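What follows is the residue order along each chain.
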Amino acid sequence: MITIDHVSKTKSRTRILYDVTFEARPGRVTGFLGPNGAGKTSTLRILLGLDSPQSGTALICGRPYRKLDRPLTTVGALLDGSGAHRARTARAHLRWVAASNGLPDSRADEVLETVGLTGDARKRAGRFSLGMSRRLGLATALLGDPEVLVLDEPVNGLDPAGIRWMRGFLRDSAAQGRTVLLSSHLMGELAEIADDVVVIDKGRVVTHGSLADVTGGHRTLEDAFFALTATEAGGPW
Amino acid sequence: MNTVRAELRKLLTLPSLRRTALLTWAATALLTYAYASAEAHGEPLGDDTALAPLGYTQAGFLVLGVLAATSEYQDGDQIRATLLAMPRRLPLQAAKALALAALTLPVAAATAATSTLPAGGVAWTPVATAYLTLTALLAAAVASAVRRALPAAIALLGLYFVAGPLLRAGSSASAAYLPDTAALDPSHGAAATIAWTLSALTLAALIFRRRDA
Amino acid sequence: MVNLVRAELRKLLGLPTAWVGLVLGTLVAPVVVLLNAPYTRRAIAAGTLTDTSDLGLRDLGIGLIGPMVLGVIVVSSEYTSTGRDAPGARQLTTTLAAVPHRLRLLAAKTTALVLVVAAQATVTTAATLTLTQVLHGEHAPVPAPTRVAAAILYWTLTALLAYAITLITRNGIVPLTLLIINSSVVSVSYLLTKVTDLASYLPDIVGAQMFIRDTDFPVQVPPVTAGLVMTAWIVALLAVGAVLFQRRDA
C-alpha cells in the first residue's frame, strides 16, 4: 500500500509539486501518467526517500522509506539506468546490494535468471546495452522479493519480447497481491496493464481513479489524457 | 553489520582502487630505493629518509579516498542504488568510513613499512600507517561533498602539494595547523591530522544527510 | 580547421574545471611574489640569492598547476561517462560523430589548448615579472626577452605534457597526480637527479634550464639544447598518444 499525502516540493526556487495526493493499493497495478516534466519522477524520488518534500508525506505500508528496516524486502524500485557502476560486473553489483539487506548471495543468481541475464553475469555494467541495463535494474529491484514495486518508465529501452514479458510480470505481481506503481507516458501500454490511473500535469494531480473512470467517455486513454492535460497555444512540448 | 559488509564488497570489487593501491606501493618502493641509493653515493637527500618517500606517495592515498567516494556519483548513478538499499544516511556514512579504513589499513601498513624499514625507522611504522589511513578518509570525505573525482583531486592535491608548502614557507606557525604536517614532522602533526579528518568526516556526513540524492 | 579549433575552444572554455585551472594558474604566481616580498627583500639583503636575474621567473613554477589542469581536462572531459542510462557512453562518441577524422580532431584540440595556455602564460609572466620589477627593481635586472619567451614555452610544453599523458592513459587522475606531486617544492625528478645523472634530461628538469640560470643539476645544459630536449619529449609522447587515439575503440 502506497499513500502519498499532500506532497509539495520546491527545487531551486521553482515549485515542482503542488499538493500531490493519491494511493496505490495492493493487488492492483496503478499507472502514474503525465507529460515530460510533470513531476512523476520527482514524486517517485520523494516516495523512495531520495529527495525530501517541503511538506506532505509519502508512505509505504504506513512508513516513510527511510524508516524501513531492510527496505529492499518491502519495496523494489526501478528508476532509470541500472544503478550499477560501469566498472563493476552485474553479479558483483547484485552481491553488494544483497549483502546490504542481509539477503543470501544466491538471490543474485536467482534474479539474474528471472530477468534473463545469467549469461552476462560476469560482464561489466558499462558494456551493457540499454535493454540489458534496465533488466539489471529490475533484477536489483527483485532481490528482496518485495511486496511493493515502484517502476519509472519500465518498458523504456526494452525490445518487444521484453515489453511483453514485463507486461505479464507486472500483471502477475499484482495478481499475487503486490502493490505495483508504475509511471509511464506510453498510453497504449498503460491501458493494457493498469487497473487504476493517476494523471499528473505541471506538478498537480489532474485526476485519479480506475482506468474506466479516467478514460470516461473518451474512446481511448490517450484521448482522455490529452483532453485532461491540454497544453496552451504552442507546440506539443 | 549489513551496511559495512555491503560497503566492503563495493570497495573490493572496484578495479581502480586495487590499481591505485598497487601503484602507490610501487612508487613508494621506487622512491625508497632512490633515497637509499643517494645515501650510498654519499649524497643524502635530506634527513628523515624513513618517512620522506611517504611525503610524495601519500598522494596515492588521497586518490584512493577520492576514487572510493566518487564511485557513487560517477560512471553510473550508483548513489541511488545505495540509498535505496540503505536509506539511513548517517549510519551509511559511518559504515563507508569504517569499510574504507578497514581496507586502507593493510595497504597503508605495507606502504609505510616499505618506506620505513629499509631506512631503519621501524618505530615510525605504526604512526605512518595511521597517518596514511586518515589521509584516505579525509580525501573520501572531501570527495563525497564535491562528488566529482577530478575537481576533488585538484583541490586535495593542490592543498597538500602546492598551497601547503607555500603556507609553510610563509609562516612556520601555520605548520601546526595543516593536515599533512604529520608526514614531515610526526611528533607534532598528529593532532592536526586527526582534527582535520574528523571535521571533514562530520561535515561530509551532515551535507550528505540533507542533500537530495 | 578553423571551425574545429573554434569548437574545441568553446568546449574547453565551457568546462568549469578548466576555468579553475585558468584562473588559478594565472593568479597564483603574482600573488606569491606579492606575499613573499618581505622575505625576498631580506634574502637579497643577506646575499643568499645568488642569481637575482632568476627572480620572478622562478616564482612562475607555482602556477604550473594551471596548465596541468587544462592539459588534462581537454582530454579527460571526453572520457567521463555521460549519464545514468548508458554509463558506458562518453562525450567522445558525440565528438567523433561530429569530427570522425581523428588526427584532425587531435590537431584542433592541441591548437585550442596551446592558444589558451600560451595566452595564460603571457599574462601571468607579464604580471609576475612586472610585480618583481616594482617590488625589487633595484636588485633584479629585467630578464632578456628570450628568457621570457623560454618561460612561456616551458609553461605551454607543461600543458602539452599533461595532455599527452592523459591521451595515453584516458584518465585524468593519473597524470594530474603525477604532475602535481612532481611540482611540489622538492620534485621527484629533482630527487632522481641525485640518484642518476640521466634524470637531468627529464622534461621538467631539462626544460627549466631554458630560462633559469642558477640550478644545481648534475648536468648543465645550454638553454637552446634544453628547449629542444623538452620539446622532443613532448613530441614523442604526443605521437604515442596520437597513434593510440587513432587506433583504439572510442
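Here the residue numbers are simple positions, counted from 1 along each chain's written sequence. Chain letters and ligand numbers both follow the written order, the letters beginning at A and the numbers at 1. Per-residue local features of the predicted model are confined to residues with pLDDT of at least 70, and side-chain atom pairs are confined, for both listing and counting, to 80 or more; whole-chain, interface and lining totals are unaffected and use all residues. Only hydrogens and water are set aside; all other atoms, that is, all heavy atoms of the structure, feed into the side-chain values.

Colleague: Help me understand the sheet that holds strand β8 (residues 196-201) of chain A, please; the structure alone is not making it clear to me.
Modeller: Residues and elements named next belong to chain A. Taking strand neighbours across the sheet as the criterion, the six strands line up as β5-β6-β7-β3-β8-β9 in an open arrangement whose pairing is mixed. Strand pairing shows two members of the sheet lacking a second neighbour, β5 (75-78) and β9 (204-210), which therefore form its edges. The average undirected angle you get between the axes of adjacent strands in this sheet is 15°. One requirement defines pairing of two strands: DSSP has to find at least two bridges between them. The secondary structure listing takes helices from DSSP runs of H or I that are at least 4 residues long and strands from runs of E that are at least 2 residues long, numbered from the N terminus. Between the N-to-C directions of two axes lies an angle of 0 to 180 degrees, each axis being a line fitted to C-alpha atoms and, for a helix, fitted only over the stretch in contact.

Colleague: Which parts of the structure should I look at to understand the packing of helix α1 (residues 2-13) of chain C against helix α5 (residues 102-136) of chain C?
Modeller: For any two helices packed against each other, one specifies the crossing angle of their axes together with the interaxial distance. Residues and elements named next belong to chain C. At a minimum axis distance of 8 Å, the contact between α1 and α5 shows a crossing angle of 60°. Relative to α5, the element α1 is oriented oblique. Where α1 crosses over α5, the handedness of that crossing is right-handed. The residues of α5 that touch α1, namely those facing Leu4, Val5, Glu8, Leu9, Lys11 and Leu12, are Arg104, Leu105, Ala108, Lys109, Thr111, Ala112, Leu115 and Val116. All amino acids are sorted into three groups, where Ala, Val, Leu, Ile, Met, Phe, Trp, Tyr, Cys and Pro are nonpolar, Asp, Glu, Lys and Arg are charged, and the leftover types, Gly among them, are polar. A per-class count over the contact of α1 with α5 returns nine nonpolar, one polar and four charged. For classification purposes, angles smaller than 35 degrees are called roughly parallel, those larger than 145 roughly antiparallel, those between 65 and 115 roughly perpendicular, and all remaining angles oblique. Handedness of each helix crossing follows the sense of rotation of the near helix against the far helix: counterclockwise by less than a right angle gives left-handed, clockwise gives right-handed. We call two residues contacting when some pair of their heavy atoms lies within 4.5 Å.

Colleague: What is the right way to look at the interface of chain B and chain A in this model?
Modeller: Where interface size is given, it is often the accessible area lost as the parts come together that is meant. Listed per partner, the contact involves 30 residues of chain B and 35 residues of chain A. In short, buried area is how much 1.4 Å probe accessible area vanishes from two parts on joining, totalled over both. In total, chain B and chain A occlude about 2,700 Å² of area from one another, counting both sides; carbon and sulfur atoms represent 51% of this. In terms of surface lost to chain A, no three residues of chain B exceed B:Arg9, B:Arg80 and B:Leu84, which account for 25% of the buried area on that side. Should a side-chain nitrogen of Lys or Arg be within 4 Å of a carboxyl oxygen of Asp or Glu, the pair is scored as a salt bridge. Viewed at the interface, chain A and chain B are joined by three salt bridges. Linking B:Arg9 and A:Asp105 is a salt bridge whose minimum nitrogen-to-oxygen distance equals 2.9 Å. The term polar contact refers here to a pair of N or O atoms within 3.5 Å; inside protein, the definition further demands a hydrogen-donor-capable atom paired with an acceptor-capable atom, and it admits residues adjacent in sequence only when both atoms are side-chain atoms. Summed over the shared surface of chain B and chain A, the result is 14 residue pairs in polar contact (both at pLDDT 80 or more). Of all the elements in the fold, those that place two or more residues in the side of chain B that touches chain A are α1 (2-12) and α4 (78-85) of chain B.

Interpretation in functional terms is not warranted from these geometric data alone.
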